[in-house]
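Residue-level structural notes
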Amino acid sequence: MRKFLLASVATLGMVAGISGTAYAQAAKPPAPGTLVVHLNGLLNDQINDIGSTANTVNTSAGAYKLNPIGMTGFLRLYPGFDAQTEGGLQYGVATELRTAFTTAGQGIHEAGPGVESMVIRRAYAYVGTKEAGFVRFGQTDGIWDLLSTGEYFNYGDGNLWDSDGGVGAAVPSQAAPHALFTYEGALYTTNKIVYVSPDIAGFQAGIDFEPNSNGFKEGELCTGGTSSCATLASAPGGAGAFRRKNTFTGGVSYSSEFNGTGVKLMADYLMSSPIGNSSGAPIETIISPETGSITHETSFKRMGIAQLSGQVTYAGFLLGADMKDGQVNNGYSFLLPGQRNALFYEVTGEYTAGPYTLGIQYFNNQAAGAHLPGNGTARTETDYGFDIGANYALTPHFGVYAVYLYGHRHQLGYDFISSTADSTAFNNVQAQAISAGAQLKW
């Protein structure tokens, strides 16, 4: 079991694999009556050349210029255990600890006024059997990505434009394209309960429930009469466009193989409600561009997103696709009345031959962005991105890679550099980056 855990973690991102697995338990359970502890990890370091519209910015305080050459890196630890009772019940704990993002000059790497450098991204338990299915509970992925089969980040630096680390996260935020990626921290870092059914003739189904969009210890010390409580249901003026309550996701997947060709398909739906506005105070003012009439909006729309994804594999080739459509804005935030629904699609291709992997991806994201009726900004923000990466695994535990990313953002009337509406400046911004690095996994 120890050898299996090392190999499974070490190869992720160095050679192509199938992401989005629905298993909520150890892929190979330990012997009945035993418990296996593991402490896996990943260290990534890379050198980048980044150019973007935001590399040189003039503000009221003066000019800022970025050096295009820089280095980024991160450490991730995966402590946990897998166990099985004598009666065949499987259970365990899995966690993911990461180095945190912080501001330059805070002394995080030395004695000084720095902040804690490790944060919990995932921390959950699982219990179940192969015949009955598995339950997860804790700060964990939900059905949204457990059953997803069409989105991959297992080449290049393993992050690409998902901005979960790597060179994509180092691109200036104004120029980095936005997208409704499936593996989004706003969704998988929250406390929820998840059920994934057993595989029956290739079919699997699942459902999850998240009462509030908080992780462990986040808002647990609750003082009545404040908006900082994790269990907040309503507050004067609400709690913004990003805090959710009563989030449900349900989905189903199917997988099979025909004459050496593997096929996987998935469909799921996510719905959620915003924190209520107990005072009825306006949260946004809408001005009709046709009549000039003014409406004071007091609540966000409910969130509802449908996702379809699929993959085909054959002789080392993989083709995946993912599409999302629904009542949501960038960053999985709530919409206001008058804002359009979002539409996202991406296509990924990979080829693996022994220790070599080549991957390529394109995505397009259309959302409301900064638009509000009457604010001088076009109805749609269009973001798209492209990447290509190559990996070579020297051993199962040590790999090197190179990756190129290009991204573009466009919304008429919106200045992406200064975040200003009703402007003709910087309505189009772009970024590109090339990076080479190494990953060591254990």
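These remarks concern the structure in this document. (Residues numbered from 1 in each chain as written. Predicted model: local features only at pLDDT ≥ 70, side-chain atom pairs only at ≥ 80, totals over all residues. Heavy atoms only, no water.)

Re the overall build of the protein
- Scanning the protein for helices and strands turns up four helices and 24 strands.
- Taken over C-alpha atoms, the radius of gyration comes to 23 Å for the protein, in line with the 22 Å a tight globule of 442 residues would show.
- A buried classification covers 46% of the 442 residues belonging to the protein.
- Restricting to contacts in the protein with at least 6 residues of sequence separation, those with at least 24 account for 67%. (Helix = DSSP H or I, 4+ residues; strand = E, 2+ residues; numbered from the N terminus. Rg over C-alpha atoms; globule rule 2.2 N^0.38 Å. Buried < 20%, exposed > 50% of the residue type's maximum accessible area, 1.4 Å probe, protein only. Contact = heavy atoms within 4.5 Å.)

Here we look at the environment of V194
- Structurally, the position occupied by V194 is in strand β8 (residues 191-196).
- Taking C-alpha positions, V194 is 41 Å from A54, a pair spaced 140 residues apart along the chain.
- Among all residues touching V194, those that are not within four sequence positions of it are F134, V135, R136, T140, D141, G142, I143, L146, I207 and D208.

Digging into a nonpolar patch on the surface
- A cluster of nonpolar side chains, contributed by L43, Y356, Y392, L394, F398, V400, L440 and W442, occupies part of the molecular surface with about 680 Å² of accessible area.
- With respect to the helices, strands and loops of the structure, Y392 is situated in strand β20 (residues 381-395). (Patch = residues over 30% accessible without salt bridge, like charges linked within 9 Å, V, L, I, M, F, W, Y side chains within 5 Å. Areas by Shrake-Rupley, 256 points an atom, 1.4 Å probe, with all protein chains shown as cover. Salt bridge = Lys/Arg side-chain N within 4 Å of Asp/Glu carboxyl O.)

Details of the side chain of K245
- Looking at the element boundaries, K245 is found in strand β11 (residues 244-258).
- No salt bridge is formed by the buried K245; its nearest oppositely charged neighbour, E210, is found at 12 Å.
- If sequence neighbours within four positions are ignored, K245 has contacts with E210, P211, N212, A233, S272, S273, P274, I275 and G276. (Lys, Arg positive; Asp, Glu negative; His and termini not counted.)

Re the side chain of D208
- Relative to the helices and strands, D208 is located in strand β9 (residues 203-212).
- Notably, D208 is buried but unbridged: the nearest opposite-charge side chain belongs to K192, and the N-O separation is 6.4 Å.
- Engagement of the side chain of D208 in a polar contact is seen with the backbone nitrogen of I143, the distance being 2.7 Å.
- Not counting chain neighbours up to four residues away, the residues in contact with D208 comprise G142, I143, W144, K192, I193, V194, T247, F248 and T249. (Polar contact = N/O pair within 3.5 Å; in protein donor to acceptor, adjacent residues only side chain to side chain.)

Concerning the packing of aromatic side chains
- Tallied over the full model, the rule gives 15 aromatic pairs.
- Note on F181 and F344: the rings are 5.8 Å apart at their centroids and 80 degrees apart in plane angle, and the pair reads as edge-to-face. Taken together, the positions of F181 in the loop between α3 (166-170) and α4 (185-188) and F344 in strand β18 (residues 342-353) put the pair 163 residues apart, joining distant regions of the chain.
- Relative accessible area serves as the criterion here: at 2%, F181 is assigned to the buried category.
- With a centroid separation of 5.0 Å and an interplanar angle of 75 degrees, the aromatic rings of F181 and F363 are classed as edge-to-face. One end of the pair, F181, is in the loop between α3 and α4; the other, F363, is in strand β19 (residues 356-367), and 182 residues separate them in sequence. Taken as a pair, F181 and F363 share a single burial class, namely buried. (Phe/Tyr/Trp six-rings, centres within 6.5 Å; stacked < 30°, edge-to-face > 60°.)

Some points on the pairing of strand β24 (residues 428-441)
- Covered by surrounding structure in β24 are V429, A431, A433, S435, G437, Q439 and K441 only, the residues N428, Q430, Q432, I434, A436, A438 and L440 on the alternate face being uncovered.
- Where strand β1 (residues 34-52) and β24 come together, 11 bridges link them in antiparallel fashion. Paired with G51 across the two strands is Q432, which belongs to β24.
- Pairing geometry for strand β21 (residues 398-410) and β24, over 13 bridges, is antiparallel. (Pairing = 2+ DSSP bridges.)

Overview of the pattern of salt bridges
- Under the definition given, this model contains 12 salt bridges.
- Across the pair R409 and D383 runs a salt bridge whose closest N-O atoms are separated by 3.0 Å. Separated by 26 residues along the polypeptide, R409 in strand β21 and D383 in strand β20 bring together distant segments of the chain.
- Judged by relative accessible area, R409 falls into the buried class, the value being 5%.

Quick notes on the environment of A94
- Examined against the element boundaries, A94 turns out to sit in strand β5 (residues 90-99).
- The spacing of A94 and T295 is 201 residues in sequence and 48 Å in space, taken between C-alpha atoms.
- When neighbours within four sequence positions are excluded, A94 is seen to be in contact with P79, R122, A123 and Y124.

Observations concerning the pairing of strand β16 (residues 303-314)
- Here strand β12 (residues 261-274) runs beside β16; their pairing, made up of 11 bridges, is antiparallel. Within β16, the position partnered with S272 by the bridge is M303.
- Judged from the 11 bridges that link them, β16 and strand β17 (residues 317-327) form a sheet pairing that is antiparallel. Paired with G310 across the bridge in β17 is A321.
- Here β16 folds back onto β17 in antiparallel fashion, the turn holding two residues, of which A315 has a positive phi close to 50 degrees.

A closer look at unusual backbone geometry
- Phi is positive for S163, which is not a glycine, with a value near 60 degrees.
- With respect to the helices, strands and loops of the structure, S163 is situated in the loop between α2 (143-146) and α3.
- The exposure class assigned to S163 is partly exposed, which follows from its relative accessible area of 33%.
- Even without being glycine, F426 reaches a positive phi, approximately 50 degrees.
- According to the relative accessible area criterion, F426 is partly exposed, its value standing at 40%.

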